[in-house]
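Inside the fold
The chain contents come next:
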Amino acid sequence: MYAVFMLGEGFDAPFLQIGFTTWTVRDLNYALITVFVAVMAMGNGYALSSGRAVRLLLSRTQERVLDQTTLTVVIGILAVLAVVFFIMFARDVDLGSYVHRIGAIRATEEFLGKGLYHIPMTVLMNMAVFLAMGLQRNKRLVVSLLFILAAVFNFLSAARLNMAILVVGTLAIKHAMQPFKFKMRYVFIAILIILFLGPVSLGLRGGYGEDKNISNWAEQLKFAISYYQDIDVFYFFAVIGMLGHANGMEAITAITSKLSSTGAYQYGQYLVPSLLLGFVPHAIWPNKPNYGTMLFNEYFWPGAVEDTGAMGSTTIGEVYWDFGIIGVGIAFFLFGYVMRGVEETRIRIGKNLWVAIFYALFAWFWAIYSNEILVGCFAQWLLYMIVWFAAYKLTTKAAREARPRGYLRTASIQD
């Protein structure tokens, strides 16, 4: 649908402009073929394999017993560390002024320089919430309090990705440990909130991408309300397109069309250095070379993005730039293969905290990789996994160590 929209002569520009004018059917057709290969490869990876290696890895968590006392201590440590990082993050920031500028500050060196603080504080706080889902006593109270604190930290960090991980991850873990039935009325209410309150949040963030000097809450609210004064029939299509990152189709078209004529594939020269540099904060290395999607800015749409932000190149686009259409097929086959193993383990083991958390994080990150920026997402996923593994090792014991003397094991022990 978005492809048709891009070709439509009656529209001035796609939802999110990146400096291009019109596309030919040939350009768009090649991009759609590339996307089709990714979708089919992922479907076959999921359907024709079982992800056995992943199942064996996660099944080991079933053989260990969770120590509630140690779990409580680890949750407390994560929360305290998150608060420490928040204090370091906010020590030289006027939070009142910062909140007014969140939208504009996200794509600046000032924001990137604080990545050393705001990324760990959100990861640690979110993981504290997830681990609290495994408590046996006062679980609702602890989860609620930690969730509120995590929501505040995520909002102040301006990291929309981590805020989404907090919300979706909490629901996914709850569902994995104790399945509940989704009701359509809740979905309908959520859609209404997104469609009608979305502009309010944008206004309260200071108008991302807008040349607005908003200095108080009254002006911010007025700015948000002004969105509704110019609503037309295409407003809802624009909201849906932006929420679905429909502009990714435009990015893929730009990438495939240029490479079809230049053949300048990177063969790993983009992905490997970008992943390594992505773990080094700008606060430690201010003059760090460009990496990740900033390289896409320079090569595929120079001048279209003037700040330190970047277009959503998508994982399909990133893998294609490195390894071509064959690389896209292999990468997405592996995505499907691993996802099958994670899903089967979740269904088979059931109420297991570690599988539930792994499932929630994997499902979220890897599901959006097809339409997100691989380098940045993968780096954050690894940070979550480091905390997950450390907490798992600290809070669990082998079943033989945990059972009392004379105990005969007759069934597998679950968390």
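A brief structural summary. (Residues numbered from 1 in each chain as written. Predicted model: local features only at pLDDT ≥ 70, side-chain atom pairs only at ≥ 80, totals over all residues. Heavy atoms only, no water.)

1. Focus on a positive patch on the surface
Taken together, the side chains of Lys-139, Arg-140, Lys-174 and Lys-351 make up a positively charged region of the molecular surface. Considering the arrangement of structural elements, one finds Arg-140 in helix H9 (residues 139–157). (Patch = residues over 30% accessible without salt bridge, like charges linked within 9 Å, V, L, I, M, F, W, Y side chains within 5 Å. Areas by Shrake-Rupley, 256 points an atom, 1.4 Å probe, with all protein chains shown as cover. Salt bridge = Lys/Arg side-chain N within 4 Å of Asp/Glu carboxyl O. Lys, Arg positive; Asp, Glu negative; His and termini not counted. Charge placed at Lys NZ, Arg CZ, Asp CG, Glu CD. Helix = DSSP H or I, 4+ residues; strand = E, 2+ residues; numbered from the N terminus.)

2. A word on helix H4 (residues 68–90)
Compared with an ideal rise of 1.5 Å per residue, which puts 23 residues at 33 Å, H4 spans 33 Å between its outermost C-alpha atoms and is within 8% of the ideal. Of the residues making up H4, those classed as buried are Leu-71, Val-74, Ile-75, Leu-78, Ala-79, Ala-82, Phe-86, Phe-89 and Ala-90. (Expected span 1.5 Å × (residues − 1). Buried < 20%, exposed > 50% of the residue type's maximum accessible area, 1.4 Å probe, protein only.)

3. Side note on the packing of aromatic side chains
What the rule picks out here adds up to 17 aromatic pairs. Measuring from ring centre to ring centre gives 4.8 Å for Tyr-299 and Phe-300, while their planes differ by 85 degrees; the resulting arrangement is edge-to-face. Taken together, the aromatic side chains of Trp-354, Phe-358, Phe-362, Phe-378, Trp-381, Trp-388 and Tyr-392 make up a single cluster linked through ring pairs. Just above the ring of Tyr-392 sits the side chain of Arg-64; from NZ or CZ to the centre is 5.6 Å. Above the ring of Tyr-299, the side-chain terminus of Lys-258 is found at 4.1 Å from the ring centroid. (Phe/Tyr/Trp six-rings, centres within 6.5 Å; stacked < 30°, edge-to-face > 60°. Lys NZ or Arg CZ within 6 Å of the ring centre and 35° of its normal.)

4. Thoughts on unusual backbone geometry
Residues other than glycine seldom take positive phi values, yet Asn-138 does so here, at roughly 55 degrees. Positionally, Asn-138 belongs in the loop between helix H8 (115–132) and H9.

5. Considerations on the nonpolar core
Of all hydrophobic cores here, the largest spans 85 residues; its most connected members are Met-127, Phe-130, Leu-131, Ile-357, Leu-361 and Phe-365. With 13 residues, the top contributor of residues to this core is helix H18 (residues 353–368). Residues within four places of Leu-361 in sequence aside, it is in contact with Met-127, Phe-130, Ile-165, Trp-381, Tyr-384 and Met-385. (Core = buried A, V, L, I, M, F, W, Y, C linked by side-chain atoms within 4.5 Å. Contact = heavy atoms within 4.5 Å.)

6. Details of the packing of helix H10 (residues 160–177) against helix H19 (residues 374–395)
To describe two helices that pack against each other, one gives the angle between their axes and the distance between the axes. Packing of H10 against H19 brings their axes to within 12 Å, and their N-to-C directions diverge by 45 degrees. Classified by the angle between their axes, H10 and H19 sit oblique to one another. Seen along the crossing, H10 lies across H19 with a hand that is right-handed. Along its contact with H10, which presents Leu-161, Asn-162 and Ile-165, the element H19 presents Cys-377, Gln-380 and Tyr-384. A per-class count over the contact of H10 with H19 returns four nonpolar, two polar and no charged. (Axes fitted to C-alpha atoms, helices over the stretch in contact; angles between N-to-C directions. Parallel < 35°, antiparallel > 145°, perpendicular 65-115°, else oblique. Left-handed = near helix turned anticlockwise from the far one by under 90°. Nonpolar A, V, L, I, M, F, W, Y, C, P; charged D, E, K, R; others polar.)

Distances and angles like these do not, on their own, reveal function.
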